[in-house]
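Summary of the model geometry
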Amino acid sequence: MVHVYNCHPFSSQQIVQVEQEPGLVCCGGGALFLVATGGCKVEAYSVEREGCPLICRFATMGTVKSIQHSKIGDYLVTIEEKNSATYLRAYTNWRYQAEDKARVGVRLLGHLLRGASVRGGVQMEIIEIPLSERPVAVACCCITGDLLVGCENTLVLFTLRRQNQQTLQNQSQQILQSTWPNTQQSSSQSQGQTSTSNQNVSILDFERSVILHLPKIKAKRVALCGGYVAVQAELEVLVLKLDASFEPKTQEESSETARDHLEDQADFLLLPRHQELLGDRAKDCDIPVSIEKTGLEDRGQYTLSYVLFRRFTPDFFQGCSVEETQLHSLQLCPLFTSKQSVSQEEPACVFCFFSLPTAGYLYSLKGGVELLSAYQYPEKVLEAVLADHLLHVITKSALQCFTVRCAALAARIEDPYIDTTMKACPPCSLEVCALRMQLFIGLRSVCVHGRHVILLSTADTETPEESERATQRRGLSRKWTISSPKETRTVGHGWNIYVVDTVSPLTLYQEMVEYSQKYAETNPQAQSLRHLLSEAHLLLRASLLQTSGQRQNTEGEPALSPETDTGGPSEKQTDREELEEALRQNCAQLGDCFSRGSQKDCHLALPYYRMSALSVTEVIARNRPLPSSPHSYGPGFLFYLKHYLLEEAEQSLSQEEADEVIDIFSQSEPSQLVSVCASPPMVNISPERTLRILRRLEDTAGVSVPLTITMATMMLLMDDVAQYTQLMERHAEMLLVYGFIEEPRLLLHGGGGGQHTHVCPTVLTRELAKSQPGLLVAGMVALHENNKVQLEQADHVFKELGCENCLQVDFWEAMLMASSQDAVIQELLFRLSSVYIDRLTITSSDTHSNHLHTRSRRKSLKSADDLINSCSHYGALYPWLTVLSPAHTTSSQHQEALYKLQSLLCGPSLSVGSVGPLMERLSEETLWGFSLHLLCATRRGQYGRSIEKLLDRCPQAIIAYANHQLQDKNMVLWWQKLLPELCNRTRAAADNGILLAALKETLVVVAMEMSPAEFLELIPDDGTASYFLPHLLTCSQKHLVA
């Protein structure tokens, strides 16, 4: 379906003053090229200047049958006939003919002019390009400037080469010196006369690069763009991708020929079936293609892949001949995005367009081949041209424009956020529309340059009867033959060349907006309104892509005169700003459409409103129901409002606006009121008014924990602590925690994203920190375990509450009990160890006692015994620690920190290596400090050193230490380390009762574990054997019993 809108795409038109009737027309490089009917002369007119003045005219070497202009290199290529022979020629530097220079150089392909021709300065050159077959069609690549020539069954690709004129002059000078030494002085003088500017001009040449053989298709028209090659036959279109590869690959030559195929056609009328093959499936078509590489300089190989194949069945309608059902207007169009660099030659998108007389087809070739649009024409179309913003088609009596979908695809390639909740764009599948038709008489051809549409019209000199008889004769033809061009008439009723200027995209957009107001006034939810605004949106997007991609459009074109410059950088910047502002306005209008639309597309209101840069206040104002209409809000607007409130917007609503939001949801979605009240933008809400609404909700929907907490929060805002307490006591603490999990924003504003997302406590959180710290810690742990808040975000909340030295540590201890993630556990163990060491360090200094009292007035939620009993990461204290750090020797806070740190060191999870550097802050001078260092040494397996240090500092604890630590594989240390140490120390201090008691206990253990012979070897030979005899006797008795 094609929508039709009465918008005016054309602004003005002018007639080009031409002396002779034109037969061929083409444009490019700011110029219009006309070839007189049956003549051998090309005239160039400037389409950028008022009145289209003549730039230059020059003669060709034969009768021009086809002409094309290349933007890259600014050259013309023609197919000419002379003396029944067909030639292919390229005309370079044609602009210098405007300076009344008669010099013209003629050369063959690959033979650059040298000698006097080069020294004479820049001149127009005619490059003769020899071919083995008769050329039928030519095409120039708008990205590289390469040339594609279509012959009957082959395609020949010529690569554009550039060579600096200074290099050529140097080469010519060397040849002259080697051949004629006497001419060195004269050539040097003539070389000095050459202007410096001419030396910097590049000289163009072509190199025959590759030949494609297509034996089963007869080319009528060809196209080339960035490696994509398209060929059009009467009812077939084939698109190939030609890639240069440096890996050697043998190309299989096709031995099939089309001879039998053509012989069959001589006797039978074959009707091919309709066929469409896209992407990899295109290789299944019955058209073989083989590659013949001819390039001499490029040693790489070429690989070929099929991209698209389309075959049509002829459509014979009344009064239409076979020739008039053929395909025409083949084009390959690239599109660059604003993110591509200047030197990047690979376009983001490549589009293929071709047309039948009744329908046109636009395909996207990159990133997956797909049909973007199908154009159904109201009458038979003679020719069509795809431009940046519109598709221009001509019939015999009218010029008409259609919209295109290229910008929709390019926008999605450029911006990955499109089709998300952040950004949106009308789909590529959006139905096209036709704009106002402009009437003409006898249109024959059309071409487009920028915003200029050039038309050639010629009055028909045939009588209606002759035309009808000719049509009938052609319609009865049974063969599909190549129709030869009609002979040009020497006498005609009239002809004209029109240059029709299209309006600027911004002007056309404004007219579309005005046109859309008619639908908005009658039916704001009409599909036509949404479609027209979507068309305007794509028009603006195409314009923005065009302004950002002007570097690609102008690259390779010659410098124009100051009169042709459309504006400086400041004007272009202003134009872009106007386009961006118009796009924001359009997004707001599309947001309005989708906000009131059906449930199917209501989600699009969110991205369009976001792209419009409207504040939520402005969006609410645009969606207020009219007084005369029922008070209802569209699903799209509610979807937008919920996302705005849920996504933690930083902008706070005023009390009036917040109350209006409450009213909106109380009418439309009362179940969302709790989430709305907890949203950060609603901080200025009226608590009394909201509480009444929440109570009505409770009466209708019943009691729920999040609703109760929300009502309690309203009481806090009203400073009614008694009612707040009463509401909070409705539910058990565990149920309140579940309520926080269901609606985390009751405790926190922010969060939900990464660990760097800013969070802050709510009013309820601050109250809980003072009155119910255990509930707050339990709620924060539950939020973390349910991925509602990150560990760093929770730390930030406690710091804002001023509880970083009390509640935050309680939170870490509770997290250690609840968490099952190893990374989180190790992080918490390190943090808690650091905190405990800090507390021990502070309490050991008298100067910090007052500071500690100020910061840690509140008792911890969990004591060391509680943690040991409920958390596996806290281990039971070793028995020998009670000897080293007895209770009530320090303050309670110090004792609590010491026990917790000792418990962590006694547990299975804490890595001693991670806290080793922190332990260096604790001195061993105190007995509790010594106990911690001894714990670390024991955890590291340094038992021998620990025994020595323990005997030095606290020998009364040695037996308790040995009984706990020297077990199993460490049992041998009793007699290998402990017994010798005690013997040596008691020998030196015989009156030390502690050492003697430890020695007796050690001998008891040794006697129980060793044999009499082994025990006998341990007895020292210093005359004290009598002391060991009772223990030896005990050992012997134990051995006999065993």
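Note that the coordinates shown come from a computational prediction; the quantities given were computed from them, not determined experimentally.

What follows concerns the overall build of the protein. Assigned secondary structure in the protein consists of 37 helices and 35 strands. With 1042 residues in all, the protein has 51% of them scored as buried. Looking at the protein alone, contacts between residues at least 24 apart form 67% of all its contacts between residues at least 6 apart. Total accessible area computed for the protein in this model is approximately 48900 Å², and 50% of it derives from carbon and sulfur atoms.

With respect to the element layout, leucine 147 can be found in strand β13 (residues 147–151). Its relative accessible area of 0% is what places leucine 147 among the buried residues. Leaving out residues up to four positions away in the same chain, leucine 147 has contacts with Tyr75, Val77, Leu88, Ile129, Val138, Ala139, Cys140, Val156, Leu157, Phe158, Phe206 and Leu224.

With that out of the way, let us pick up the confidence of the model for the protein. For the protein, mean pLDDT is 82; residues scoring 70 or higher make up 81% of the total. With pLDDT under 50 throughout, residues 249–266 is counted as low confidence; its partners more than four residues away or in other chains account for 18 contacts. With pLDDT under 50 throughout, residues 551–566 is counted as low confidence; its partners more than four residues away or in other chains account for 28 contacts.

Attention now goes to helix α37 (residues 1025–1041). The first and last C-alpha atoms of α37 sit 24 Å apart over 17 residues, in line with the 24 Å expected at 1.5 Å per residue. At histidine 1031, α37 shows its largest bend, some 25 degrees. As for α37, its buried residues are in contact with α34 (973–988), α35 (993–1009) and α36 (1012–1018).

Before going further, it helps to examine the packing of α34 against α35. The interhelical angle for the contact between α34 and α35, taken along N-to-C directions, is 150 degrees, at an axis separation of 10 Å. In terms of orientation, α34 lies roughly antiparallel with respect to α35. Once α34 is placed against α35, the crossing between them reads as left-handed. On α35, the residues touching Trp974, Trp975, Leu978, Leu979, Leu982, Cys983, Arg985 and Thr986 of α34 are Leu995, Leu996, Ala998, Leu999, Thr1002, Leu1003, Val1005, Val1006 and Glu1009. Here the contact of α34 with α35 is composed, by residue class, of 13 nonpolar, 2 polar and 2 charged.

Tallying each qualifying case throughout the model produces 20 aromatic pairs. Residues tyrosine 377 and phenylalanine 402 carry aromatic rings whose centres are separated by 5.9 Å and whose planes lie at 55 degrees to one another, so their mutual orientation is tilted. Highlighted residues: tyrosine 377 in the loop between β25 (370–376) and β26 (383–386) and phenylalanine 402 in strand β28 (residues 398–403), separated in sequence by 25 residues. For the pair formed by tyrosine 377 and phenylalanine 402, the shared burial category is buried. One aromatic cluster in this structure is built from Phe312, Phe354, Tyr361 and Tyr363. Above the ring of tyrosine 87, the side-chain terminus of arginine 89 is found at 4.5 Å from the ring centroid. The lysine or arginine in question, arginine 310, covers the ring of tyrosine 361, its NZ or CZ lying 4.5 Å from the ring centre.

Reading the values: rules and limits
Residues numbered from 1 in each chain as written. Predicted model: local features only at pLDDT ≥ 70, side-chain atom pairs only at ≥ 80, totals over all residues. Heavy atoms only, no water. Helix = DSSP H or I, 4+ residues; strand = E, 2+ residues; numbered from the N terminus. Buried < 20%, exposed > 50% of the residue type's maximum accessible area, 1.4 Å probe, protein only. Contact = heavy atoms within 4.5 Å. Areas by Shrake-Rupley, 256 points an atom, 1.4 Å probe, with all protein chains shown as cover. pLDDT = per-residue confidence, 0-100. Expected span 1.5 Å × (residues − 1). Bend = angle between axes of the 7 residues up to and from the residue. Axes fitted to C-alpha atoms, helices over the stretch in contact; angles between N-to-C directions. Parallel < 35°, antiparallel > 145°, perpendicular 65-115°, else oblique. Left-handed = near helix turned anticlockwise from the far one by under 90°. Nonpolar A, V, L, I, M, F, W, Y, C, P; charged D, E, K, R; others polar. Phe/Tyr/Trp six-rings, centres within 6.5 Å; stacked < 30°, edge-to-face > 60°. Lys NZ or Arg CZ within 6 Å of the ring centre and 35° of its normal.

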